[in-house]
Structure formats: structure tokens, C-alpha cells
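Each chain, letter by letter, is given below.
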Amino acid sequence: MEDIKEFIASAIQKALENTVQKQEILEKIENPKDKQNGDFAYPCFHLAKILKKSPVLIATELKEKLVLNSRIEKVEVVNGYLNFYINTKNIGEEILTRIIEEKEKYGDQVVGQGKTICIDYSSPNIAKPFHLGHFRNTVIGSALYRLYEALGYHVVGINHIGDWGRQFGLLIEGYQLYKDEYNFEENALQALSDIYVRINQLAKQDEKIMDKARENFKKLEQGDEESVRLWKYFREVSLKEYNRIYEILNTKFDSFNGEAFYKDKTDEVIQMLEQKHVLVDSQGAKVVEVGEDMPPCIIVKSNGSTIYATRDLAAILYRSRTYDFTKTIYITATEQILHFKQIFEVAKYLVDEKYQKGLVHVPYGMVRLKTGKMSTREGNVIYINDLIQEAIQKSGTIIENKNSNLENKETLAKQIGVGALVFHYLKSNKLKEVIFDLDETLRFDGETGPYVQYTYVRTKSILEKAGFDEKKALLEKVDYTLLKNDYEMDLIKELEKLPSILQRSAEEYEVSILARYLIQVATLFSRFYTECPVLINDEALKKARLHLVYATSMVLKKGLSILGIETPEKM
Ligand code: ARG
């Protein structure tokens with residue numbers, strides 16, 4: 001069933017005799033801050049041009065034509081706005097029975113059925129450490145993955161790993177020079193990263209190292225056996241380390257086709273661009289012009305080799321054929337905004353318009369430690385695995401101090417520690433810079449993962465104390481009209497929003513909308529629970545309130561699971 005906002009949008013669309021798309025109406029509908037102005041408000045100003053009438057007249061006429069049902073108590077026209085007031089008498093019944101029926105499926109939708117979305121995310125560079133930026137990338141990508149699944153899409157998660165390029169020539173050089181000085185048994189990725197930092201420094205001072213690196217890469221490209229063996233080894237040890245992180249985060253990839261996968265698929269790109277006569281020479285390189293406001297996109301460098309962009313273009317071609325995607329979403333730091341603008345322009349010459357229009361870059365802001373920007377080259381990096389272990393250890397201490405009688409403390413510490421990290425990255429707008437502070441992240445109050453988890457645990461313990469039986473809940477006769485004070489109503493109305501919150505998060509590629517929503521649900525729940533005792537003698541009211549507690553627990557669990565955060569039963 002449609003949620004109330006959608007129901008209103010549909011009703012408006014019908015009253016307008018379909019002259020405006022439902023999506024456009026949905027985007028215009030607001031939630032007035034002051035409840036005096038209703039629960040939803042529809043501004044009619046954007047219709048004035050189309051209908052050639054004043055907004056006030058449009059609103060007045062619309063009000064007459066609207067066909068609504070008992071979900072809406074009344075509609076008022078105020079200064080070109082249509083204000084809708086939800087019928088609070090029915091809303092409790094409607095929302096709570098729906099959630100209790102649908103359980104963890106509440107919020108799921110069918111808009112995506114039959115459509116495929118590719119999400120290109122995480123995508124670290126081989127042999128370089130996995131830093132906080134990649135971590136942010138991974139949790140955003142994972143959350144979008146689950147979000148689109150909830151909306152009914154078929155999702156393909158792609159890890160476009162940086163496993164090709166000139167840095168491998170450099171790495172081979174470094175490996176040959178220094179390998180005996182490092183312990184590869186213990187932590188091969190660490191050793192490789194250290195070597196990478198060292199050889200980069202040496203190359204800065206010594207031109208000859210760069211020449212050697214170029215030579216090595218050439219050999220690798222030509223398939224020299226020893227070079228290929230080394231490349232494979234570097235790739236393997238790196239992937240092994242990344243997989244530890246992915247496992248702990250419950251991150252799923254359906255493909256690990258990285259840059260190397262496309263190295264033999266760039267010729268076709270070049271040919272197609274030549275056939276379209278858009279590939280032009282520029283100081284020895286081959287480029288495609290992409291408009292006045294951007295530098296041309298380099299396809300082949302003057303030394304004849306292809307680059308990152310060329311392989312990305314080959315990937316677009318390949319993915320359109322293999323996955324027939326509705327959208328491909330790329331998640332990277334803001335530094336790559338220009339890169340994606342350029343290749344999306346060039347893609348016009350390679351794939352059907354429907355694919356080209358479906359290419360979306362989702363940039364995120366930098367992650368900073370208090371000490372400054374992180375950079376692989378300088379080696380100023382926190383290893384994510386260390387960070388995760390530290391978060392787990394610290395949450396272990398926190399719960400031990402709070403309540404040392406808990407069972408499964410290890411699992412708990414993991415759920416809380418990892419959840420805290422993930423939530424921290426997801427709660428701020430993706431473009432905003434995140435300054436990382438572990439202790440802040442782990443707090444049990446404030447806008448944190450543990451706070452939302454803790455609220456969930458509270459709902460569970462109330463239900464347990466009351467002997468609430470999930471299976472019987474739906475069969476019980478409950479008088480939901482007993483839930484009518486502001487604390488109860490505000491919480492119910494908030495729970496009602498989950499489906500549209502999921503939709504908006506996906507439309508804006510902004511999972512922080514969902515994270516912030518969960519904080520709001522948790523806050524409204526705490527307010528409700530402080531003001532409205534649940535375990536009371538009035539059986540009828542107790543039952544109704546228990547159902548509200550149960551519905552809240554379902555919404556929190558669903559939301560957290562989409563973000564990739566587990567819900568402990570006790571903490
Ligand atoms: N490996 C790149 C990096 O770490 C990100 C790759 C993003 N995906 C893509 N198809 N270009 O910066």
C-alpha cells in the first residue's frame with residue numbers, strides 16, 4: 001500500500017488529470033514545521049505557469065476535485081498551499097498493523113523490479129593501503145547496495161580495483177630491491193605498502209628508477225612471465241587483506257573486475273571513437289574534446305599507452321552489454337569529479353543514450369584525521385583493520401564497565417564497535433568532510449550508532465518484560481485509538497515515513513537521510529517512553545503501547561540493517 005505522502009501525490013495527480021508527473025508532485029510536498037499547517041503541504045506555485053491561473057485559485061479548485069479517503073481528516077487552502085491533516089484516529093491502526101504484518105519487509109518496495117543497478121564502489125588500489133577514504137567509500141556503497149535491493153532493484157556490486165598502471169612497474173622495482181628486508185609471511189600488504197612508499201621516495205631523487213619502472217611495466221604489458229607472476233602475487237595478497245575488511249562489514253561484491261580486466265578491451269573503445277571521428281591528435285596524445293568548460297579527455301598518451309579513463313570507458317561498454325543497467329553509480333572522492341564528467345561525455349560516442357544517461361557519479365568528501373590529509377604516498381595512513389580492532393576493543397571495555405553480566409561479549413563488542421564506525425561515516429552528508437575521532441564515534445548518547453542500537457535494545461527489553469509474543473501480536477484485538485497523545489502520535493507519524501525515507505535516500509544517493517531518520521526515531525521513542533509508561537495495569541492501553549514499541553523495534557532494525565549495522569539483542 002502507498003504511504004500517506006504517496007497517496008496524497010496520487011490523489012493530486014488524478015485531480016490534475018495527469019498533467020503533472022507524480023514524481024514532480026512528490027518532490028514538492030513538504031512537511032510543515034508547524035503542525036498548525038497540517039502534516040503535509042503542497043505548494044501550487046509551480047502549476048501557475050502550466051495552468052495559467054493563480055496559485056490560490058488552483059489550490060481552491062484542486063481541493064474540490066481531490067478524491068481522498070479516511071486517511072486524511074481535512075484539507076485547507078492557505079495562500080496557494082494545500083494543507084493536509086492526517087486523520088490521527090485511523091493512522092495508528094493503519095501504520096501499526098501494516099508494520100506488524102510486514103515485519104522486516106516494511107519499507108520494501110517494487111519500484112525497481114526488472115531493473116538493474118550497478119554500483120561501482122570501494123575500488124582500492126592494489127598494494128596501496130586501504131585508507132579511511134576507501135572505508136567511507138565502502139560503507140556508502142554497501143548501504144546503497146542494500147537500499148536499492150530494498151527498493152526492488154537487481155543490484156550488481158562491482159569492485160573496480162586499481163590493479164593496473166605504471167605504479168606496478170615501480171612496485172616490481174621496489175620489490176626486487178628491498179624484498180629481503182621485509183617479512184612477507186606476517187603481513188604481506190604492509191610490506192608491499194612500505195616498499196611502495198620507499199620506492200616512490202627513491203624515484204623522486206633518482207630519474208633512473210622511473211626509467212626502470214617504465215621498462216618493468218612495459219614487460220608486464222607484454223606478458224613477461226616473471227612480471228605477470230609478481231603482479232598476480234601483489235593482487236592476491238592485497239585482495240586477501242581487503243576481504244578481511246569486507247567480511248567484517250558484511251559487504252558484498254558480485255564482481256572484482258578491476259582495471260586490468262579491461263586492458264585488452266580498450267582497443268575497441270579507440271576504434272569506435274576513431275570511427276566517429278572524435279579522436280584527435282594533441283601534442284602526440286589522442287584525445288576527445290568534451291566541451292569548452294573541461295579539458296579534453298585523454299584516451300591514448302603520447303607514449304602510446306592507455307590510461308585510467310580509457311579503461312573506465314571500456315568498462316562502461318562492457319557493463320552496458322553484460323548487465324543492461326538502468327544506472328551505474330560510481331562512488332569516489334570529490335577529487336574525481338572532473339574525471340567522471342569527462343568520461344560520461346565521451347560515453348555518448350560508445351553506448352546507447354539510455355545507458356549514457358544512467359551514469360551517475362556520487363562523490364564524497366575527504367576524511368581527515370586531526371593531523372591532516374591522508375596520503376598513501378607519504379605513508380600517513382591508518383590501517384583500517386587496526387582501526388576496526390581498536391573500535392571493537394574499546395566497545396568491549398565500555399560494555400564491560402556498563403554491565404559485566406552480559407553474554408557473548410565478544411560478538412557484542414564487534415557489533416557495537418563496527419556499527420559505530422559505519423554509522424559515523426553514514427550520518428553526515430556525503431559531500432561533507434569527516435573528521436575522525438574514535439571516542440566520539442563510540443559514545444552511547446548523541447548522534448551515534450551505539451545510541452540507535454541501544455534504543456533498539458531498550459525496545460526489546462520492554463517487549464521481553466511484558467512477555468510480548470510476536471506471533472500472537474497480529475491476531476490480538478488492539479484498540480489503537482487509545483494512542484492519541486502527542487508523544488505517541490509523533491512517533492507513529494515518524495514510523496510511517498520509512499518507505500518515503502528509503503526512496504528519498506536512493507533518489508539523492510544520500511544514505512545520511514536514512515541515518516538521520518533513525519536518530520529521529522530513536523529520539524522520539526525515548527521521549528515517548530519517558531512520558532508514556534508501557535507496563536501498566538490498564539491492559540488495553542498497555543497492549544496498544546506495546547504494539548507501538550514493537551513497531552519501533554522493527555523500523556530501527558530494518559533501517560540499521562540497510563546501513564549495514566547489526567542489532568544486538570542486549571547491551
Ligand atoms: N581506484 C580508484 C581510487 O582508489 C577508484 C576507482 C573508481 N571506479 C572507477 N570505475 N573509476 O581512486
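Refer to the preceding data block for the structure.
Residues numbered from 1 in each chain as written. Predicted model: local features only at pLDDT ≥ 70, side-chain atom pairs only at ≥ 80, totals over all residues. Heavy atoms only, no water.

Help me understand the site of the ligand, please; the structure alone is not making it clear to me.
Within the structure, the ligand sits among D120, S123, N125, H134, H160, Y308, D312, Y330, T332, Q336 and F340. In this structure, S123 approaches the ligand through a main-chain N or O atom, which is 2.9 Å from a nitrogen atom. N125 is positioned such that a nitrogen or oxygen atom in its side chain is 2.7 Å from a nitrogen atom of the ligand. Considered on its own, the ligand offers 350 Å² of accessible surface; in the complex 90% of this is hidden by protein. When residues of the shell around the ligand are traced back to their parent elements, those giving at least two are helix 12 (308-323) and strand 9 (327-333). Its residues assigned to classes, the shell around the ligand shows 3 nonpolar, 6 polar and 2 charged. (Near = heavy atom within 4 Å. Polar contact = N/O pair within 3.5 Å; in protein donor to acceptor, adjacent residues only side chain to side chain. Areas by Shrake-Rupley, 256 points an atom, 1.4 Å probe, with all protein chains shown as cover. Helix = DSSP H or I, 4+ residues; strand = E, 2+ residues; numbered from the N terminus. Nonpolar A, V, L, I, M, F, W, Y, C, P; charged D, E, K, R; others polar.)

Sorry, what's going on with the nonpolar core here?
Across soluble globular proteins, nonpolar side chains have a tendency to be buried as a group. Y42, L62, F84, Y148 and L495 are the most contacted members of the largest nonpolar core, which has 161 residues in total. Top element by residues in this core is helix 23 (residues 539-563). It accounts for 12 residues. Beyond its immediate chain neighbours, meaning those up to four positions away, L495 contacts I95, L96, I99, Y106, Y517, V521, L548, A551, T552 and V555. Counting residues in each nonpolar core, the second largest holds 34 residues, with I270, A314, V346 and Y355 among its members. (Core = buried A, V, L, I, M, F, W, Y, C linked by side-chain atoms within 4.5 Å. Buried < 20%, exposed > 50% of the residue type's maximum accessible area, 1.4 Å probe, protein only. Contact = heavy atoms within 4.5 Å.)

How do you make sense of unusual backbone geometry when you look at a structure like this?
In most cases, non-glycine residues show a negative phi, while peptide bonds are predominantly trans. The residue K103 is not glycine, and still its phi comes out positive at about 50 degrees. Its place among the elements puts K103 in the loop between helix 5 (88-102) and strand 4 (116-120). Among the residues examined, K103 registers a relative accessible area of 26% and is labelled partly exposed. Look at N250: it is not a glycine, yet its phi comes out positive at around 60 degrees. If you trace the backbone, N250 turns up in the loop between helix 10 (225-249) and helix 11 (266-275).

I would appreciate a short explanation of the packing of aromatic side chains in the present structure.
Aromatic ring pairs are defined here through the distance separating the ring centres and the angle between the ring planes. In this structure the tally under the stated criterion is 26 aromatic pairs. Relative to Y425, the ring of F135 has its centre 5.3 Å away and its plane inclined at 75 degrees; by these criteria the two rings are edge-to-face. With F135 in helix 6 (residues 132-150) and Y425 in helix 16 (residues 409-427), the pair connects residues that are 290 residues apart, well separated along the chain. Note on F444 and Y454: the rings are 6.2 Å apart at their centroids and 50 degrees apart in plane angle, and the pair reads as tilted. Here F444, found in the loop between helix 17 (438-441) and helix 18 (449-465), pairs with Y454, found in helix 18; they are 10 residues apart in sequence, far enough to count as distant. F444 sits in the buried class, given a relative accessible area of 12%. (Phe/Tyr/Trp six-rings, centres within 6.5 Å; stacked < 30°, edge-to-face > 60°.)

Hey, could you run me through helix 7 (residues 167-178) in this one?
Working note: α-helix, 3.6 residues per turn, so residues spaced by three or four point in the same direction. The terminal C-alpha atoms of helix 7, which comprises 12 residues, lie 16 Å apart, in line with the 16 Å expected from a rise of 1.5 Å per residue. Taking burial as the measure, the 12 residues of helix 7 include 10 buried ones, the bulk of the element. The set of residues buried in helix 7 consists of Q167, F168, G169, L170, L171, I172, E173, G174, Y175 and Y178. (Expected span 1.5 Å × (residues − 1).)

So what exactly am I meant to see when it comes to the sheet that holds strand 6 (residues 279-282) here?
By way of backbone hydrogen bonds, the strands of a sheet pair with one another, either parallel or antiparallel. The strand order 6-7-8 describes an open sheet built from 3 strands, whose pairing is antiparallel. Taken across any chain shown, the strands that pair with only one partner, and hence form the sheet edges, are strand 6 and strand 8 (297-300). For this sheet the average axis-to-axis angle between neighbouring strands, irrespective of direction, equals 45 degrees. Pairing of strand 6 with strand 7 (residues 285-288), which is carried by 4 bridges, proceeds in the antiparallel orientation. What sits directly across from S282, in strand 7, is A285. (Pairing = 2+ DSSP bridges. Axes fitted to C-alpha atoms, helices over the stretch in contact; angles between N-to-C directions.)

Could you clarify how one ought to interpret the pairing of strand 5 (residues 154-158) in this entry?
Here is the key point about a regular strand: its side chains alternate between the two faces of the sheet. With 4 of 5 residues buried, strand 5 is to be regarded as a mostly interior element. Pairing of strand 4 with strand 5, which is carried by 5 bridges, proceeds in the parallel orientation. Residue pairing in the sheet places I117 in a bridge with V155 of strand 5. Each parallel crossover has a hand, and for strand 4 linked through helix 6 to strand 5 it is right-handed. (Right-handed = clockwise from strand over helix to strand, strands pointing away.)

I keep staring at helix 11 and nothing clicks. Help me out?
Turning to helix 11, its buried residues number three or more, namely T266, V269, I270, M272 and L273. Along helix 11, the residues classed as buried sweep out an arc of 165 degrees about the axis, all on the same side. When the buried face of helix 11 is taken as reference, the exposed residues oriented beyond 90 degrees from it are D267 and Q275. Within two residues after helix 11, H277 carries a phi angle of roughly 55 degrees, on the positive side. (Arc of directions from axis to C-beta.)

What is the right way to read the sheet that holds strand 4 from this model?
Spatial ordering of the open sheet is given by 5-4-9-10, a layout of 4 strands whose pairing is parallel. Unpaired on one side and paired on the other, strand 5 and strand 10 (359-364) mark the two borders of the sheet. Geometrically, the sheet is characterised by an average inter-axis angle of 20 degrees between neighbouring strands, direction not taken into account. For strand 9 and strand 10, the ladder comprises 6 bridges, and the chain directions are parallel. Residue I331 lies in a different strand from strand 10, and its bridge partner there is V362. Along the sheet, helix 12 contacts strand 4, strand 5, strand 9 and strand 10; its crossing angle with strand 9, the most-contacted strand, is approximately 145 degrees.

Sorry, what's going on with the packing of helix 6 against helix 23 here?
For any two helices packed against each other, one specifies the crossing angle of their axes together with the interaxial distance. With their axes 7 Å apart at the nearest point, helix 6 and helix 23 run at an angle of 125 degrees to one another. It follows from the interaxial angle that helix 6 and helix 23 lie oblique. For the pair helix 6 and helix 23, contact is made by A143, R146, L147 and A150 and by S561, I562 and L563, respectively. Considered class by class, the residues forming the contact of helix 6 with helix 23 number 5 nonpolar, 1 polar and 1 charged. (Parallel < 35°, antiparallel > 145°, perpendicular 65-115°, else oblique.)

Help me understand the pattern of salt bridges, please; the structure alone is not making it clear to me.
It is possible for side chains bearing opposite charge to pair when their charged atoms get close. Enumeration over the complete set of coordinates arrives at 33 salt bridges. In this structure, the salt-bridge partner of E61 is K53, at a minimum N-O distance of 2.8 Å. Judged by its relative accessible area of 30%, E61 falls in the partly exposed class. Exposure remark for K53: the relative accessible area of 34% places this residue in the partly exposed category. Across the salt bridge formed by D108 and K558, the nearest N and O atoms sit 2.6 Å from each other. One end of the pair, D108, is in the loop between helix 5 and strand 4; the other, K558, is in helix 23, and 450 residues separate them in sequence. Overlapping salt bridges bring together E390, K394 and D439 as one network. (Salt bridge = Lys/Arg side-chain N within 4 Å of Asp/Glu carboxyl O.)

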